[in-house]
Amino acid sequence: MKTNSNLDIHQTFPGYQPMPLIGLTQDATFAEEVLKAGGVPLVLPSYDNADMLVNVLNTLDGILLTHKPEPLLSQLAANRQIPTLIIGKETSDIADFVQEAALFKEAKNLHNRVLTLDSHCDTPMFFDQQINFASRDPKILVDLHKMTEGHLDATIMVAYLEQQGLTDEDLLTATAKADRILNEIEAMVAKSSQFVNIAYTPTDLFRLKAERKKAIMLGIENGYAIGKDLQNVERFRNRGVVYMTLCHNGNNQLCGSCRFNDEGLGVNAFGEEVIHEMNRVGMMVDISHAGDQTFYDALDISTKPIVASHSSSRSLCNHPRNLTDDQLRALAAKGGVAQVTLYNGFLREEGQATLQDAINHLNHMVDIMGIEHVGIGTDFDGDGGIIGCASASELINFTRCLLKERYSEEDIRCIWGGNFLRVMEEVQKV
């Protein structure tokens, strides 16, 4: 039998069980307790070099501290969501801690095997603040460092357009702004092309993951970008835009929004032309932010499945940005996908939303739609971010929760982008 490494040989032994690697800081006092709990203890020397420490931390599944941690170790471990326990003489918590470390190890390994895609982020909204995507920039929730720490492979960055007037001049300005933002995304990625590239298809995403690179896809948030020129749909698709929301907060030249739409407007004649053109050129129709009538109109008009890139359940949080159970059923019946979002006000009507709230929404959407029609669209940098999952660096926590909820690896693959990419592949077959 040919094997690639000694580890492969060990894994063929009957009864082999992977064990979490637990770092102990300068003290092996509790090494035996870690072993008894099913962990592998490793005494950590003191590191002043951040690169050396990061290399060690990337192999650890948990850290057991018997004294006040060094600031560098503490910060880098927190950035990576590594389970950490500070104890004194009591060892009663070690067994539970090692189990949590084992779950963290399982989540990391799963992310190595599964492509993870966040279907919506608004990082370009911060371009005017001179952000540095290649650094761990405190001004933004998604950058290369945070994507790496959270084990996120890819995200769809959108050119967001605030809804303004509908004069010819306003519409031309909107189109120009969309082009400018897309140019800026491309320039940002080009500066770090050793580590990240633009992806245009699902095949690109899997290739980049195999190359150990991150991936950015392009989206447009608000069909306002089309202006009055139907040819802009094909032009934006040709430059790589994979989806476009029909509107944002406020009615536009295509349709009625879920906000500021007292008339209950749906898709108008030009909006219908735009949807048909999106179908023709292979651009996904996104109904997040759409009014209820627009939702049903778009579902009827489109010949391809449609998506909600960042919307949660209205049954659990009564907000017009969320989808009713009937809408979720209708979306699934047409082969579409709804991506639960991490926006506080779409998860809870009162108080601070937590990761468990997002999981509750996901569970409900799975119950209504089926596992084949759900996913994750964080809305990071567009006010998304909740307790327990506050940035891209914490997205591994979502997977830890999914494992606790007993979702299978195939389920998690579907949730973490598999479903969304199935729709993308179907739409892009033109």
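Above this text you will find the structure in question.
Residues numbered from 1 in each chain as written. Predicted model: local features only at pLDDT ≥ 70, side-chain atom pairs only at ≥ 80, totals over all residues. Heavy atoms only, no water.

S.K.: Go over the overall build of the protein, please, and point to the residues and values.
M.R.: In terms of helices and strands, the protein carries 16 helices and 13 strands. Whereas a compact globule of 430 residues would reach a radius of gyration of roughly 22 Å, the protein reaches 23 Å, a difference of no more than 12%. Principal-axis analysis of the C-alpha atoms gives the protein an extent of 75 × 50 × 45 Å. With 430 residues in all, the protein has 57% of them scored as buried. Carbon and sulfur atoms provide 49% of the accessible area of the protein, an area that totals close to 18,500 Å². (Helix = DSSP H or I, 4+ residues; strand = E, 2+ residues; numbered from the N terminus. Rg over C-alpha atoms; globule rule 2.2 N^0.38 Å. Buried < 20%, exposed > 50% of the residue type's maximum accessible area, 1.4 Å probe, protein only. Areas by Shrake-Rupley, 256 points an atom, 1.4 Å probe, with all protein chains shown as cover.)

S.K.: Go over the environment of methionine 147 with me, naming the residues and quoting the values.
M.R.: Tracing the chain through its elements places methionine 147 in helix α6 (residues 144-149). Between the alpha carbons of methionine 147 and phenylalanine 133 there is a distance of 10 Å; along the sequence they are 14 residues apart. For methionine 147, the residues in contact, after removing those within four places along its chain, are Phe133, Val142, Leu152, Asp153, Ala154, Thr155, Lys214, Ala215 and Ala392. (Contact = heavy atoms within 4.5 Å.)

S.K.: Give me the lowdown on the environment of valine 337, citing residues and values where you can.
M.R.: Here valine 337 shows up in strand β12 (residues 337-340). Overall, valine 337 belongs to the buried group, its relative accessible area being 0%. In this structure, the C-alpha to C-alpha distance between valine 337 and proline 305, residues 32 residues apart in sequence, is 8.0 Å. Discounting chain neighbours no more than four positions away, the residues touching valine 337 are Ile306, Val307, Ala308, Leu331, Glu372, His373, Val374, Gly375, Asn419, Phe420, Arg422 and Val423.

S.K.: An account of the packing of aromatic side chains is needed here, citing residue identities and associated values.
M.R.: Given two aromatic rings, one states the distance between the centres and the angle between the planes to describe the pair. Inspection of every chain in the model, using the stated rule, returns four aromatic pairs. Taking the centre distance of 4.2 Å and the plane angle of 20 degrees together, the rings of tyrosine 343 and phenylalanine 346 count as stacked. On the accessibility criterion, tyrosine 343 (24% relative accessible area) is partly exposed. For the pair phenylalanine 398 and tryptophan 416, a centre-to-centre distance of 6.2 Å together with 65 degrees between the ring planes defines the contact as edge-to-face. On the criterion of sequence distance, the pair formed by phenylalanine 398 in helix α15 (residues 396-404) and tryptophan 416 in helix α16 (residues 409-428) is long-range, its members being 18 residues apart. For the pair phenylalanine 398 and tryptophan 416, one class covers both residues: buried. Sitting over the ring of phenylalanine 236, arginine 235 keeps its end group 4.6 Å from the ring centre. The positively charged end of arginine 259 is found above the aromatic ring belonging to phenylalanine 260, 5.1 Å away from the centroid. (Phe/Tyr/Trp six-rings, centres within 6.5 Å; stacked < 30°, edge-to-face > 60°. Lys NZ or Arg CZ within 6 Å of the ring centre and 35° of its normal.)

S.K.: Help me get a handle on unusual backbone geometry, residues and values and all.
M.R.: Despite not being glycine, glutamine 130 has its phi angle at roughly 55 degrees, a positive value. Secondary-structure assignment places glutamine 130 in the loop between β5 (117-121) and α6. Judged by its relative accessible area of 63%, glutamine 130 is exposed. Located in the positive-phi region is phenylalanine 260, a residue other than glycine, with phi close to 55 degrees.

S.K.: Account for the environment of leucine 402, with residues named and values stated.
M.R.: Topologically, leucine 402 is positioned in helix α15. The buried category is assigned to leucine 402, whose relative accessible area is 0%. For the pair leucine 402 and alanine 187, spaced 215 residues apart in the sequence, the C-alpha separation amounts to 35 Å. Not counting the four nearest positions on each side in its chain, leucine 402 is found in contact with Ile359, Leu362, Tyr407, Ile412 and Ile415.

S.K.: Which residues make up the nonpolar core, and what are the values?
M.R.: Of all hydrophobic cores here, the largest spans 105 residues; its most connected members are Phe133, Ile185, Phe236, Ile287 and Phe398. Looking at this core, the element that brings in the most residues is helix α7 (residues 168-191), giving eight residues. When sequence neighbours within four positions are dropped, the list of residues in contact with phenylalanine 236 reads Thr175, Ala178, Asp179, Leu182, Ile220, Ala225, Ile226, Val241 and Met283. Met284, Val307, Val337 and Leu421 belong to the second largest nonpolar core, which has 20 residues in total. (Core = buried A, V, L, I, M, F, W, Y, C linked by side-chain atoms within 4.5 Å.)

S.K.: I'd like a rundown of the packing of helix α11 (residues 292-301) against helix α12 (residues 325-333), residues and numbers included.
M.R.: With their axes 11 Å apart at the nearest point, α11 and α12 run at an angle of 15 degrees to one another. By the angle class used here, α11 and α12 are roughly parallel. In terms of crossing hand, the pair formed by α11 and α12 is left-handed. Taking contact as the criterion, the partners of Asp292, Phe295, Tyr296 and Leu299 in α11 are, on α12, Asp326, Gln327, Ala330 and Leu331. Within the contact of α11 with α12, the residues separate by chemical class into five nonpolar, one polar and two charged. (Axes fitted to C-alpha atoms, helices over the stretch in contact; angles between N-to-C directions. Parallel < 35°, antiparallel > 145°, perpendicular 65-115°, else oblique. Left-handed = near helix turned anticlockwise from the far one by under 90°. Nonpolar A, V, L, I, M, F, W, Y, C, P; charged D, E, K, R; others polar.)

S.K.: Which residues make up the pairing of β12, and what values do they have?
M.R.: One face of the sheet, then the other: side chains in a regular strand alternate in exactly this way. Burial along β12 is two-sided: the face carrying Val337 and Gln339 and the face carrying Ala338 and Val340 are both buried. Of the pairings in the sheet, the one linking strand β11 (residues 307-308) to β12 comprises two bridges and is parallel in character. Across the sheet, residue valine 307 finds its bridge partner in β12, namely valine 337. Between the parallel elements β11 and β12, the chain passes through α12 in a crossover that is right-handed. When β12 meets strand β13 (residues 374-376), the two strands line up parallel, connected through three bridges. Bridge pairing in β13 links glutamine 339 to glycine 375. (Pairing = 2+ DSSP bridges. Right-handed = clockwise from strand over helix to strand, strands pointing away.)

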